[in-house]
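Below, each chain spelled out in residue letters.
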Amino acid sequence: MSEDLKCIHCGNSCGKSPVLFEGHPFCCSGCSTVYQILNTNQLKQYYQIEPMPGIRIEDEKRPADETYAFLDLEKFKSKILTFSEGGISKVSFFIPEIHCASCIWLLENLHSLNKGIIQSFVNFPKKEINITFNETEISLRQLVELLVSIHYIPEINQHSIEKPQAEKSEKKLFIKIGIAAFSFMNAMIYHFPQYLPGHQFLEADMKKLFGWLSVLLAIPVLTYSASDYFLTAYKSLKKKIISIDLPIALGLITLFTQSLVEILSGKGIGYIDSLTGLVFFMLIGRWYQGKTYQALSFERDYKTYFPLAVTTITDSGNVTIPLEELKPGDRILVRNQEIVPADSILKSGTASIDYSFVTGESMPVAKQAGDFVFAGGRQIGSAIELTIEKDIQQSYLTQLWNQAENPFTAANRLNTIVNRVSQYFTVIVVLIAISSGIFWMFNKPEIALFSFTSVLIIACPCALALTVPFTFGSTMRQFGRKGFYLKNTAVIEHLYKVDTVVFDKTGTITNAQSSDIRFIGKGLTAHQFLMIKSLAFHSSHPLSKTICNSIAGDELLTVGNFQEIPSLGITGTISGIRINLGSRYFVSGEKTEEENLKTEVWVFLDNEIAGHFQLENEYRPGLHELIQKLNKTHELHLLTGDNDAEKANLVKFFGTEKNLHFNQSPTDKLDYIRSLQKQGKKVLMIGDGLNDAGALNESNVGIVIADNVFNFSPACDAILQSKQFARLNQFIQFTHQSMKIVKAGFLISFLYNLIGLSFAVQGALTPIVAAILMPISSVSVVLFASFSVSLSAKGFRF
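All figures in this text were calculated on a predicted structure; none of them were measured in a lab. (Residues numbered from 1 in each chain as written. Predicted model: local features only at pLDDT ≥ 70, side-chain atom pairs only at ≥ 80, totals over all residues. Heavy atoms only, no water.)

Asker: Please explain the pattern of salt bridges as it appears in this structure.
Answerer: Oppositely charged side chains can pair when the atoms bearing their charge come close. The final tally for this structure, using the stated rule, is 13 salt bridges. Between D72 and R141 there is a salt bridge; the shortest N-O distance is 3.0 Å. Pair noted here: D72 is in the loop between α2 (46-49) and α3 (74-80) and R141 is in helix α5 (residues 140-149), with a separation of 69 residues, a long-range link. Note on D72: relative accessible area 41%, which makes it partly exposed. Two residues, E74 and K77, come together in a salt bridge whose shortest N-O distance is 4.0 Å. In this pair, E74 and K77 are both assigned in helix α3, three residues apart and thus about one turn of the helix distant. It is possible to trace a salt-bridge network through shared partners that takes in D72, R141 and E145. (Salt bridge = Lys/Arg side-chain N within 4 Å of Asp/Glu carboxyl O. Helix = DSSP H or I, 4+ residues; strand = E, 2+ residues; numbered from the N terminus. Buried < 20%, exposed > 50% of the residue type's maximum accessible area, 1.4 Å probe, protein only.)

Okay, structure coming up:
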C-alpha cells in the first residue's frame, strides 16, 4: 500500500519507503524538512489553500554550507540590494518555482519564519518576490538560505546581478521563428507534389525520401521552436493544472505521430508541412501579440500616467521640470513632505529622511551634507538641496506606489472570474477535440486528424483573458491624456463600484492658489516679510506656497528647527527669533466663530501676533454643476479641518447640512471613512494628500487634487489635475462605459470560439488556417477594446 502514498508536500509518489513525520508520508527528507519548518511556525495553512502545493527538493539543489557565502561580500551585496539604509534593506528575486496561490501565501508570510523579515510581496506574473528585511537580524545570505530551505530558490548569477536587457528573450523568439520558417518553407517544397494532379505516379522511394527529409526538418521545430508549449503544458499537468498550451502540445504531437505512421507504412509523407506551418504561424502570432501589447501597454511605461515634477536649482533661479527630464548632476530642491525622486547626494541642509514609503519603517534617518539619499525617501523638516547621482527610474517610484496593494492578491474580481473560466474552457476544448476526432474516425477517417488538431488550435481563451486588461489599460491611457492619472487598472473597477463621495475642503473644492492676497496687521519691515517668506518656502502646503510667492525678493534666510504640524501650521527660528505661521488657533490659542469667506493665515513673529494674511476663498470652477451631477448617483459628504463659518455657503452647494462635518482632524477623517465602509458603502475620498493621507489610503478609491506642480502622495490611488476637477463625474461615468466594452469583448471572444469550433469539428479548417486565426482573435479583441475606448472617449466631454 505504501507505493500508493503521495507526498503531502509535493504530491510525488513516496515509493516503498516513505519518510514519515507525525504520521504524514513524504517522498524525501527535503519535503519533510519544509513541512516541519512550516509546522513549527504555524504556517500549515499553506497546505489548505491548495493540496500538495510544494516542489520536491532535489539533492543537488540543497545548498552546501558555503554555497551562498559570496553574499556576505560587500561587492555582491551592493549589486543585489535595491535599497540599504539604517540597517533596513530591500531585495528583489526571480523565483521560477512560484506557481500557485499557496506559494504566494507562504512567501508573503516569510515574516513568520524569521522576525528579521519586515515585509514581502509577490509579483505572480513575473514570478518575483520583493523583500524588506532588517540586516541586524537576518543577513542577505541567511535570507537566501531561508528561501532555499523551503525550496523557493532565487536565481542569483552574473546575468541576474547585472540585470540583462529584455531584448535577449525577443532575440530567442526570432531564432525560433527563423528555424520554424526555414523548416516550413522546405517542408512545403517536399509536400508540394502531393497537391498536384498525378501525384500518385510519384515513385515510392522518392515519396519516402521526401517524407524522411520532412521529419528531419520537424525535429528542431518540435524540440526547440515549440519547446515552450510542451514545457508549459508539462509543468502545468505536473501541478494538476490545465494550461492553455496543453491543446497546442497535443495537436503538435498528434500531427507528428500520424506523419511518422504514414511514412513508415508507406501510405504518404504525412503532415509535416502543416506541423511546421502551425508552429511558424503561432510564433508569429505570439510575436505580434507581444508587439501589440507593448504598443498599447499601460504598465510598461508610467511616464504617460504618472506625472511628477521636480524643482531644479539653476543659475537663473528655481525651475520646475518634468521628472523624466531629470539627469545625473542636476541640483534639486526637496521641501518638507516631498519625495526624493532619484538616488542623490545631500548637497546642503540637514535632512531627516522618512523611508516608510520604501521599507514600511517610519523612523526617520538623519543625513548630513555629503551623505547618500535613496530614491523614495520623504524629507521631514526644512527644504534640502540634493545632487542627482543616478538616472531617474520612474518605474521604481511606480513600483513603490503599487507596493501596498499586491497585484496578485488584490487582483480585481473580473480577472479572477476570467482565469477560472479559462481553465474550464481548456478542459472542454480538449474533450470536444477528442469527441470530434473519434466521430470522424468512424465516419470519414481522412478528416479525423485535421478535425482533432484544428479544434485544439483554434479554440483559445487568450482573447477572453485579454479583454479586461486591454480595456482597462486603454481607459487608463485615455484618463492620463485628460489629466486623470491612475495607480493601476484595478482602480477603474473600484471607481465603477463607488456609491459614496467624500470631499475635503481646503485645496480640494477651494482654490488655494489664490492670487488675491493681502496682509492685515501691524506694519512689518521688508526684512520681517523676508523672514516669513523664508519660513513658508520650506513647506509644500498650497497656502505656504501662495504666501511665499506673494512676497517679493529672491533672497532666503536660514531657517532652523523647522516643523510642520498637520492641520495647524508651520514653525521655525531665524536668527533666534521664533516664527509661527498657520491657523488662528495655532498662533494665538483662540478659536473664532466669525463667518469669513476668506482664508486667513496668522503670523506670530518676535513674541507677538503680527497679524494675518487674507486670501480669497474661491471655490473651484464647475463645483456647483459637479455636485449636482454626483448627487443624482452618489451620496455626498464633506470633511474639513476648518470651522463651520462657511456652512451656509456649503449648504447651497450640497443641498443639506446633514453630511457636512467641520473641525475634523486627520484622525477624525480616517474614522469617518471607516464608519461609512462599515455601513457597506464604497467610498471615494477626494483630498489634497497633505492632512488627509490616512483617509485617502483607507477609502476604496483615494484621489489627490494636484495644482500646477504635480503632487505625489503614496496614499492615493489617482492624481487629478485641478483644471479637470469639474469633469470628475465624467471620469466616473466613463468607467461604466468601460465595463460595457468589457462585456462586449467577452461576447466577441465567445462568438469567435463558437464559430471557429463549429467549422473545426466539421474538419473544414486545416491546422495552418486555425493557427493563423488563433492569434488574429486575440489581436482583434485587443484592437476592439482599444478602438472602442478611444471612440467612446471622443464622445465624452473630458
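Asker: How should I be thinking about the packing of aromatic side chains in this particular structure?
Answerer: Between two aromatic rings, the relevant description is the distance of the centres plus the angle of the planes. If you walk through the whole model with that rule in mind, you get 13 aromatic pairs. Relative to F374, the ring of F83 has its centre 4.7 Å away and its plane inclined at 55 degrees; by these criteria the two rings are tilted. Here F83 is found in strand β3 (residues 81-85), whereas its partner F374 is found in the loop between β13 (372-373) and β14 (378-379), with 291 residues between them in sequence. Using a relative accessible area of 1% as the deciding quantity, one classes F83 as buried. Look at F519 and F529: their rings are 5.6 Å apart centre to centre, the planes differ by 85 degrees, and that puts the pair in the edge-to-face class. (Phe/Tyr/Trp six-rings, centres within 6.5 Å; stacked < 30°, edge-to-face > 60°.)

Asker: For this particular structure, what's the right way to read the sheet that holds strand β27 (residues 660-661)?
Answerer: Hydrogen bonds between backbone groups are what pair the strands of a sheet, and the pairing can be parallel or antiparallel. Strand order in the open sheet formed by seven strands is β16-β30-β29-β28-β17-β26-β27, with mixed pairing between adjacent strands. Edge positions in the open sheet fall to β16 (484-486) and β27, since each of these has one partner strand only. As judged from the four bridges shared by strand β29 (residues 701-706) and strand β30 (residues 718-721), these two strands associate in the parallel manner. Directly across from A706, in β30, lies its bridge partner Q721. (Pairing = 2+ DSSP bridges.)

Asker: Just to check I follow, could you spell out the sheet that holds strand β12 (residues 365-367) for this structure?
Answerer: Overall, antiparallel pairing links the three strands, which are arranged β12-β11-β14 in an open sheet. Edge positions in the open sheet fall to β12 and β14, since each of these has one partner strand only. Sheet topology note: the strand β11 (residues 351-354)/β14 ladder contains two bridges and is antiparallel. Paired with D354 across the bridge in β14 is R378.

Asker: Looking at this structure, I do not really get unusual backbone geometry. What am I missing?
Answerer: Generally, phi is negative for residues other than glycine and the peptide bonds are trans, each holding for most cases. A positive phi angle is found at N561, which is not glycine, with a value near 55 degrees. The residue N561 is located in strand β20 (residues 560-565) in this model. Among the residues examined, N561 registers a relative accessible area of 58% and is labelled exposed.

Asker: Hey, could you run me through the confidence of the model for the chain in this one?
Answerer: Where the model shows low pLDDT, its predicted coordinates should not be examined in detail. Residues of the chain with pLDDT of at least 70 account for 74%, and the chain-wide mean is 77. Here residues 52-64 scores under 50 on pLDDT; set against residues more than four positions off or in separate chains, the count is 44 contacts. (pLDDT = per-residue confidence, 0-100. Contact = heavy atoms within 4.5 Å.)

Asker: Would you explain a nonpolar patch on the surface in this entry?
Answerer: Nonpolar side chains collect at one region of the surface, where L747, L751, L754, I755 and F759 lie side by side and expose about 510 Å² of accessible area between them. If you trace the backbone, L751 turns up in helix α25 (residues 728-760). (Patch = residues over 30% accessible without salt bridge, like charges linked within 9 Å, V, L, I, M, F, W, Y side chains within 5 Å. Areas by Shrake-Rupley, 256 points an atom, 1.4 Å probe, with all protein chains shown as cover.)

Asker: Looking at this model, I keep getting lost on helix α22 (residues 647-654). Mind explaining?
Answerer: For an α-helix, the turn length of 3.6 residues means that residues three or four places apart are oriented alike. When α22 is considered as a whole, its buried residues turn out to be N649, L650, F653 and F654. Mapping the buried residues of α22 onto a view down its axis gives an arc of 130 degrees, with all of them on the same face. Where α22 is buried, its residues contact β17 (500-504), β25 (618-619), α21 (623-633), β26 (635-639) and β27. Directly beyond the C-terminal end of α22, a positive phi value near 85 degrees is found at G655. (Arc of directions from axis to C-beta.)

Asker: When you look at the pairing of strand β10 (residues 344-348) in this model, what are you seeing that I'm missing?
Answerer: Side-chain direction in a regular strand flips from residue to residue, so the side chains alternate between the two faces of the sheet. Pairing of β10 with β13, which is carried by two bridges, proceeds in the antiparallel orientation. Note on β13: the bridge partner recorded for S344 is V373.

Asker: How do you make sense of helix α10 (residues 246-265) when you look at a structure like this?
Answerer: Helix length check: α10 (20 residues) gives 28 Å between terminal C-alpha atoms against 28 Å at 1.5 Å per residue, within 8%. Taken as a whole, α10 has its buried residues at L246, P247, I248, A249, G251, L252, L255, F256, S259, E262 and I263. Phi turns positive, to about 80 degrees, at G266, one or two residues after α10. (Expected span 1.5 Å × (residues − 1).)

Asker: Sorry if this is basic, but what is going on with the environment of I138 here?
Answerer: With respect to the element layout, I138 can be found in the loop between β6 (128-134) and α5. In this structure I138 comes out as buried when scored by relative accessible area, which is 1%. Separated by 24 residues in the primary sequence, I138 and N114 place their C-alpha atoms 7.9 Å from one another. Among residues more than four places away in sequence, those in contact with I138 are N114, G116, I117, F133 and L143.

Asker: How do you make sense of the nonpolar core when you look at a structure like this?
Answerer: Looking at soluble globular proteins, one finds that nonpolar side chains tend to be buried together. Formed by 42 residues in total, the largest nonpolar core has its most connected members in F484, L486, F503, F654, L684, I686 and I703. In terms of residue count, α25 provides more of this core than any other element does, eight residues in total. Summarising the domain contributions, this core has at least three residues from each of domain 3 (167-291 + 417-470 + 737-796) and domain 5 (479-511 + 620-734). Residues L173, Y229, L278 and I457 belong to the second largest nonpolar core, which totals 32 residues. (Core = buried A, V, L, I, M, F, W, Y, C linked by side-chain atoms within 4.5 Å. Domains from an automatic or database assignment.)

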